[in-house]
Structures are given as structure tokens and as C-alpha cells.
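Spelled out from the first residue to the last, the chains are:
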Amino acid sequence: MKRVINALFALLFGAFISPLVGFVFPKGSRHFTPLVTFVSFAIVLSYFNSPGLITNVLWKAPPIGIFIEVDGFNYLMLLLATGLGFLTALFASEYMRESPRLTHYNTLYLLMLTGIVGVIITGDLFNLYVFFEIASISSYALVAYHASKGALRATTRYLIVGSLGTTLVFLGIILVYSVTGSLNMADIAIKMSSIDSPLLYVALAFFFIGFGIKADLVPFHAWKPGALSLAPSPAASLFAGGSVVMSLYAIFRIFFTIFLYRPFYFTYIFQFFAVFTMLVGAFLAFRQDDMKKLIAFSGISQVGYVFLAVSFSTPAGLFAGLFQMVNLVVSEVLLFLCAGLVARHVGSKKMDSMSGLFTTLPLASVGILVGAGNIIGIPPFSGFASKILLYQAGFDSGFLVVTLISLVVSAMTLGYFLKPIFSLSGERRQYEAVDERKPQIFIPLASLVVLCLLLGFFPQLIYPLLNRASLALMDPTAYLGVLR
Amino acid sequence: MIEYSFSAALMVVGAYALLFKENFIKKVIGLSVMTNGAHLLLISLGYRGPFGVPPVLNANLFYNFRYFLVNAVDPLTQALVLTSIVINVSITAFALVLAIHTYRKFDSLDCRLLGEESD
């Protein structure tokens with residue numbers, strides 16, 4: 001039976017039997033995670049040519065039962081989350097090979113990806129909370145994986161902020177349920193058109209803060225750089241890729257589909273947070289010496305761009321925002337994977353101790369160069385196309401000041417990325433050898449680099465997907481139509 | 001109204017303890033208090049006045065079906081609270097494990113030590 005929810009079941013089932021596989025086949029168990037994530041990715045990919053709504057009913061008909069609903073917007077997110085999840089798992093199968101608790105890592109990784117995919121495909125608000133918690137709890141454990149002093153410190157901070165956020169999401173869901181008496185997202189959206197209650201605005205604020213913590217919007221970002229710097233490198237990639245995709249999905253779905261009938265407040269709220277996120281992320285990135293922290297701050301700054309583009313609330317703005325999001329997660333994942341290799345090669349994450357990496361670690365250096373170029377938005381990379389679309393959408397919809405601020409932040413991005421780029425050149429030093437030619441390491445890095453370049457030269461390749469996604473976000477009639 | 005203010009007070013006290021207490025265990029207690037406040041709020045939404053009946057259909061209520069429909073307590077909120085309790089137990093368990101590891105590494109449960117970035 002062909003159902004899109006099998007992508008979720010594969011991951012969940014994989015997570016549960018992963019300890020067993022690790023126990024029975026201690027040698028071969030490292031190939032298990034890439035296999036499971038690939039199955040999940042292939043299931044998602046098999047729907048590539050079926051536009052429109054994909055629905056699965058698990059139990060009973062929509063307003064009551066457990067319900068899966070994937071439209072063009074979810075589909076783009078689902079493709080990103082599972083695809084990047086697969087590449088990261090492939091990388092980890094070689095990178096984490098010597099790790100003493102590989103089975104623990106694999107189980108947590110699969111559980112976190114289960115949570116992310118679950119949040120993206122579900123059509124039910126409470127299921128969204130449950131999957132959000134699954135992703136959160138396994139991500140706390142992934143940050144604490146090395147159990148060093150720094151990791152415990154970062155996990156404590158993340159746990160406090162993260163559990164506060166999930167409780168706020170839970171409260172928001174309670175408030176929505178108390179007002180509308182329903183938990184199905186399409187049903188709530190339809191009922192909201194006839195209800196106006198101040199509680200809904202409180203719920204909206206709770207959702208924004210709760211998911212904003214995971215999407216590292218600026219007042220709530222403090223946990224992120226430390227956690228990403230100290231988590232194992234492939235896990236940090238999942239944070240920067242899947243976790244950001246998940247929380248951006250949740251915020252946009254809730255704001256655009258569920259609260260469809262109150263659109264005009266969003267612009268200013270989103271812009272306020274977007275400008276702060278861009279500026280603060282860029283300013284803090286300047287004073288980092290730790291390469292992974294710098295990459296994390298650049299990711300924070302780029303999330304601001306996504307919010308800025310979406311806040312224009314024109315079709316062009318949404319299109320640019322989603323394109324920007326694709327570039328952001330692809331290049332962040334690439335940068336974290338490369339930074340992990342570099343840190344292992346050099347034996348330190350400090351950029352002062354890196355030099356001459358182009359000769360000793362060519363592929364990872366190219367990866368850092370391409371990822372950085374993509375985030376800065378310089379011509380041969382796809383970041384250029386999305387930034388141009390963003391500025392155009394901003395000027396067309398008349399938000400001159402914020403668009404100019406985003407231009408300035410782009411220049412700052414170039415400034416702070418000079419430090420890691422310079423650390424690639426220079427005099428060659430003696431470092432620990434890392435073999436980049438293993439297929440598990442070569443394939444993820446090479447395919448991400450090729451993706452960045454391909455979308456840079458031919459951005460129209462991804463336009464159909466983005467068009468579907470931004471149309472679905474602009475006009476949720478199809479999403480709500482399942483109940484009519 | 002009293003149940004709303006009561007659960008709001010619990011949540012505020014819990015959030016205060018979670019954010020501002022210095023002892024790790026007190027933070028975990030604050031987390032539990034906060035989430036239980038949210039659970040009480042959700043449970044109180046299912047309350048159907050002093051004539052509420054359990055949402056179980058027996059022979060007696062079957063003949064008063066309309067009465068049952070109006071006065072049966074909302075079973076959904078109870079199911080949701082049950083799910084949420086399970087989730088929060090696992091968060092609390094994880095937080096306590098983290099506290100054990102923190103104590104082993106730092107010889108203290110004082111979270112002010114955790115705030116410093118040196119090393």
C-alpha cells in the first residue's frame with residue numbers, strides 16, 4: 001500500500017529496532033541509519049510528480065480522526081527534511097564510526113528525524129505538539145552526547161529554554177481548543193473565520209515564541225550556538241537543517257493557514273523580529289573564533305531573511321522566502337558537515353589554528369567556500385538568485401527601509417565569512433589525516449556542493465516546487481477543502 | 001474562573017522557578033509545576049458543570065441520551081492530558097539524568113557554575 005505516512009513509519013520503526021540492530025550486528029549497524037533514512041526519502045520522492053493534496057486517513061474521517069495532509073508547501077519541507085536527513089546520516093555512518101556509543105547516536109538521530117517529519121506531515125494540532133516534543137527530547141540528548149563539561153552546560157541551557165517553549169506551544173494548543181473546540185488544523189481554520197476572541201491572539205503569541213525558540217529568532221536564540229558547537233557535527237547539521245525547517249513550517253502553517261483571516265498584523269511582527277534576527281546574528285558572528293559558532297550565528301542571521309521575505313506577504317515575497325529557506329538549510333548543513341571534518345582534521349574548532357586547508361583537505365574547503373558563498377549570496381551560487389528575488393519583492397511591495405537593512409546585513413555576512421575563508425589558504429601545516437575519499441563522506445559533500453552550483457546556474461529548476469509551495473501557502477483553499 | 005487563575009498561578013510560579021532558581025533540582029521541580037499548571041487548565045476545559053457525568057455510556061444514560069450528550073465530560077481533554085503527562089515525565093527523567101551528570105562533572109548542582117563560558 002502506497003501512503004506518504006510510510007515515510008514516517010519507516011523512521012519510527014527504524015528508531016525502535018536500531019538498538020536491536022546495534023546489539024546483533026555491532027559491526028554493520030552503522031549502515032542501518034542511512035538505509036532507513038534513504039527509504040523514507042525515496043517514499044517522499046515517489047510523490048514528486050503528483051501535484052495537489054496528498055491525504056492519508058489513519059483512523060476515522062478528517063474532523064475527528066488522525067489525519068495526514070500534505071500540500072505543495074509541506075511537500076517542499078518534507079523533501080528538504082528527509083533529503084538532508086539522509087545525506088547527514090550517510091556522512092555520520094563514516095564520521096561517527098569510532099564513536100563508543102554509536103547505537104545511542106543512531107537511535108536518537110532517527111527519533112529526532114521522526115519528530116521533524118511528523119510535525120511536517122500531520123494535519124492535527126495535537127499530533128504536531130507530540131512530534132515536536134519527540135524532536136525536542138531527542139535533540140536535548142543529542143546535544144549532551146559527548147557529556148563533556150561544555151556539552152552539559154549547553155544542554156542545560158537548551159533544556160530550560162526548550163521546555164519553556166514546548167510548554168508555550170502546549171498552552172497555545174489548549175487555548176485554540178478552548179475557543180474552537182477542534183484540533184484538526186483545517187477544521188480550526190474554517191471555524192476561525194466566524195470566531196473572534198482575544199484568546200486566539202494570546203495563542204498566536206505563544207505559538208510564535210514556542211516555535212521561534214526552535215527557529216532561533218533573536219530574543220530566543222541564546223541556546224543555539226553553544227548547542228550546535230558542542231553537539232556531534234552530523235547532529236548539528238540536523239539541527240541547522242531539519243529542526244529549522246520544522247519550526248519554520250510550523251510558524252508559517254499556523255500563521256498563514258490556521259490564522260488565515262487575520263493577515264495584516266503579521267507583516268509588522270515578522271519584520272520586527274526579522275530585522276533584529278538579521279542584525280544581531282550578523283553582529284555576534286563577527287566576534288566568534290569558534291568556526292561552528294560562527295556558522296550557527298550566520299544561520300540565525302539568515303533565518304531573519306526568511307521571515308523578512310515572508311512578511312511582505314505578496315506571492316513574490318513568499319516565493320523568495322521559501323527559496324531563501326532552501327538555500328539556508330542546504331548551505332548550513334554543508335557548512336556544518338565540512339566544519340566537522342575540519343575540526344577533526346585540525347584537532348580544534350578555533351579558526352586561528354587553521355591554515356592551508358586547501359591542500360590538505362580540498363573537498364571540505366570547497367564545501368566551506370561554496371556554503372559561505374551561498375549564504376553571502378554571490379553570483380555563481382543559488383543564494384544570489386534568492387537574495388535578488390528578495391530585494392525585488394521588498395522594493396516592489398514598498399518596504400524600502402527593511403530591504404536596505406537586509407542589503408547592509410548581506411555585506412556584513414561577507415565580512416564575517418572572510419575569517420573562515422582565509423583560514424583555508426595560507427601555509428600548510430601538519431594535521432591529523434582525514435580521508436575524504438570514502439564514499440560516505442564524498443557523496444553527501446559533493447552532492448550538496450553540486451546542488452548549490454546547479455541551482456545557482458539554473459535556478460528555474462526549483463521554480464515549479466517553489467511555485468507550488470508558495471501558492472499553497474498563499475491560498476489554502478485546497479488544504480481546507482478536505483472538509484467540504 | 002478559579003480554576004483558570006489557579007492554573008495560571010501555578011504556571012507563573014513554575015516558570016519563575018525554572019528560569020531564576022539556582023539549584024538544578026529546583027529548576028526541574030519548577031518545570032513540573034509549570035507543566036502541571038497547563039494540564040490543570042486543559043482538564044478544567046472539559047468540565048461540564050455540577051451535573052457532569054463520566055463520558056461512559058451505560059444503560060441508564062442510554063435512555064437519556066440527550067442528557068448524556070449535554071452533560072458528559074469532554075473525554076478528549078483527558079486523553080490529551082494523559083499524553084502530555086507521559087511526555088513531561090520523559091522530559092523530567094531526562095532533566096534528572098542531566099542533573100546527575102552535572103553533579104559528577106562539576107561537583108555541584110549550582111546552575112551559576114553552568115553559566116560561565118570559560119573553557
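So, here's what we can say about the structure. (Residues numbered from 1 in each chain as written. Chains lettered and ligands numbered in written order. Predicted model: local features only at pLDDT ≥ 70, side-chain atom pairs only at ≥ 80, totals over all residues. Heavy atoms only, no water.)

## As for the overall build of chain A
In terms of regular secondary structure, chain A is built from 20 helices and two strands. With the principal axes as the frame, chain A shows a C-alpha extent of 70 × 60 × 40 Å. Going through the 484 residues of chain A one by one, you find that 66% of them count as buried. Within chain A, contacts between residues separated by at least 24 positions form 80% of all contacts whose residues are at least 6 apart in sequence. (Helix = DSSP H or I, 4+ residues; strand = E, 2+ residues; numbered from the N terminus. Buried < 20%, exposed > 50% of the residue type's maximum accessible area, 1.4 Å probe, protein only. Contact = heavy atoms within 4.5 Å.)

## Points about the overall build of chain B
For chain B, the helix and strand inventory stands at six helices and zero strands. Going from the N terminus to the C terminus, chain B shows its helices and strands as α-α-α-α-α-α. A compact globule built from 119 residues should have a C-alpha radius of gyration of about 14 Å, whereas chain B, at 20 Å, is more than 25% larger. Seen along its three principal axes, the alpha-carbon backbone of chain B occupies a region of about 70 × 25 × 15 Å. Counting the 119 residues in chain B, one finds 38% classified as buried. Residue pairs at least 24 apart in sequence account for 54% of intrachain contacts in chain B once pairs closer than 6 positions are excluded. Split by element, the accessible area of chain B, about 7,200 Å² in all, is 69% carbon and sulfur. The average position of the 8 basic charges and that of the 8 acidic charges among the side chains of chain B differ by 9 Å. (Rg over C-alpha atoms; globule rule 2.2 N^0.38 Å. Areas by Shrake-Rupley, 256 points an atom, 1.4 Å probe, with all protein chains shown as cover. Lys, Arg positive; Asp, Glu negative; His and termini not counted. Charge placed at Lys NZ, Arg CZ, Asp CG, Glu CD.)

## Concerning the packing of helix 13 (residues 315-346) of chain A against helix 15 (residues 362-376) of chain A
Residues and elements named next belong to chain A. Orientation of helix 13 relative to helix 15, taken along the N-to-C sense of each, is 150°, at an axis distance of 8 Å. In terms of axis orientation, helix 13 runs roughly antiparallel to helix 15. Seen from above, helix 13 lies across helix 15 with left-handed handedness. Residues N327, S331, E332, L334, L335, C338, L341 and V342 of helix 13 form the contact with helix 15, whose participating residues are A364, G367, I368, V370, G371, A372, N374 and I375. A breakdown of the residues in the contact of helix 13 with helix 15 according to their chemical character gives 10 nonpolar, five polar and one charged. (Axes fitted to C-alpha atoms, helices over the stretch in contact; angles between N-to-C directions. Parallel < 35°, antiparallel > 145°, perpendicular 65-115°, else oblique. Left-handed = near helix turned anticlockwise from the far one by under 90°. Nonpolar A, V, L, I, M, F, W, Y, C, P; charged D, E, K, R; others polar.)

## Considering the interface of chain A and chain B
The partner chain B presents 38 residues to the 27 residues of chain A that form the contact. Both sides of the chain A and chain B interface together cover about 2,900 Å² of buried area, and 77% of this is carbon and sulfur. Considering only the side of chain A, the residues that lose the most area to chain B are L152, R153 and Y177 of chain A, jointly responsible for 21% of the buried surface there. The tally of links from chain A across to chain B stands at zero salt bridges. Our count for the contact surface shared by chain A and chain B stands at two residue pairs in polar contact (both at pLDDT 80 or more). At the level of elements, helix 5 (125-143) and helix 6 (149-180) of chain A are the ones that each hand at least two residues to the side of chain A that touches chain B. (Buried area = accessible area lost by both parts, 1.4 Å probe. Salt bridge = Lys/Arg side-chain N within 4 Å of Asp/Glu carboxyl O. Polar contact = N/O pair within 3.5 Å; in protein donor to acceptor, adjacent residues only side chain to side chain.)

## Thoughts on the pattern of salt bridges
One pass over the full model with this rule turns up seven salt bridges over all chains. Here the salt bridges do not stand alone but share partners, grouping R30, E94, R97 and K438 of chain A into one network.

## Here's the deal with unusual backbone geometry
Residue and element names in this part refer to chain A. Not every positive phi belongs to a glycine, and A147 is a case in point at roughly 55°. When you line up the elements, A147 lands in the loop between helix 5 and helix 6. Note on A147: relative accessible area 16%, which makes it buried.

## Quick notes on the packing of aromatic side chains
All names here are of chain A. Summed over the entire model, instances satisfying the criterion amount to 34 aromatic pairs over all chains. Both rings, one in Y140 and one in Y158, keep their centres 5.0 Å apart while their planes meet at 80°; by these two values the pair is edge-to-face. With Y140 in helix 5 and Y158 in helix 6, the pair connects residues that are 18 residues apart, well separated along the chain. Assessed through its relative accessible area of 1%, Y140 is described here as buried. (Phe/Tyr/Trp six-rings, centres within 6.5 Å; stacked < 30°, edge-to-face > 60°.)

## Some points on the environment of G426 of chain A
Structurally, G426 of chain A can be placed in the loop between helix 17 (400-422) and helix 18 (439-457). With a relative accessible area of 61%, G426 of chain A lands in the exposed category.

## A few points about the state of the cysteines
Residue and element names in this part refer to chain A. Inspection of every chain in the model, using the stated rule, returns zero disulfides over all chains. In this model C338 remains outside any disulfide bridge; the closest cysteine sulfur is found in C452, 10.0 Å from its own. What makes C452 buried here is its relative accessible area of 1%. (Disulfide = S-S within 2.5 Å.)

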